[in-house]
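Geometric and topological summary
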Amino acid sequence: NLSSVSINPSTVRGGVSSTGTVTLSGPAPAGGATVILSSNNTSFARVSGQVVVPQGATSATFVINTSRTTTNRVVTITASRDGVTRTADITVTR
C-alpha cells in the first residue's frame, strides 16, 4: 500500500523545482507500482500524472515544477494508489 508522500524542500521560491518522494509500505510487485499524482493548484505547482515505483523498490521520486508568484502559495500534492491517498504541502514563495 501507499505509505506516504513527502516533499524536499517543502518551501521553494517560485520558478524553482522541488522533489517529491512516494513511499510504499513494502516492495513494489512485478511490473512496478503506479502511483497517481495531482496538484490542487497547477498554476503554481505541477507534477507529472503518475510515478512508477520499480519492482522490488519501496520508493520513487518525482519533480515538482513551480511558477513565480506575487504572494506565498501553499499547494497540496496528492498521491493515490489502490484507494489509498496521501498528501503533502509545498509552499511556493515570492
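Located above this text is the structure these notes cover.
Quick caveat: nothing in here was measured; it's all calculated off a predicted structure.

Right, let's talk about the overall build of the protein chain for a bit. Counting secondary structure elements, the protein chain contains zero helices and nine strands. In the protein chain, the order of α-helices and β-strands from amino to carboxyl end is β-β-β-β-β-β-β-β-β. Radius of gyration (C-alpha) of the protein chain: 13 Å, near the 12 Å computed for a compact globule of 94 residues. Taken over the C-alpha atoms alone, the protein chain extends approximately 45 × 20 × 15 Å along its principal axes. Per-residue burial over the protein chain gives 36% buried out of 94 residues. A separation threshold of at least 6 residues defines the contact pool for the protein chain, and within that pool the share at least 24 residues apart is 57%. Carbon and sulfur atoms make up 44% of the accessible area of the protein chain, which amounts to about 4,900 Å² in all.

Criteria and cut-off values
Residues numbered from 1 in each chain as written. Predicted model: local features only at pLDDT ≥ 70, side-chain atom pairs only at ≥ 80, totals over all residues. Heavy atoms only, no water. Helix = DSSP H or I, 4+ residues; strand = E, 2+ residues; numbered from the N terminus. Rg over C-alpha atoms; globule rule 2.2 N^0.38 Å. Buried < 20%, exposed > 50% of the residue type's maximum accessible area, 1.4 Å probe, protein only. Contact = heavy atoms within 4.5 Å. Areas by Shrake-Rupley, 256 points an atom, 1.4 Å probe, with all protein chains shown as cover.

Honestly, that's just the spatial picture; any functional story needs more than this.
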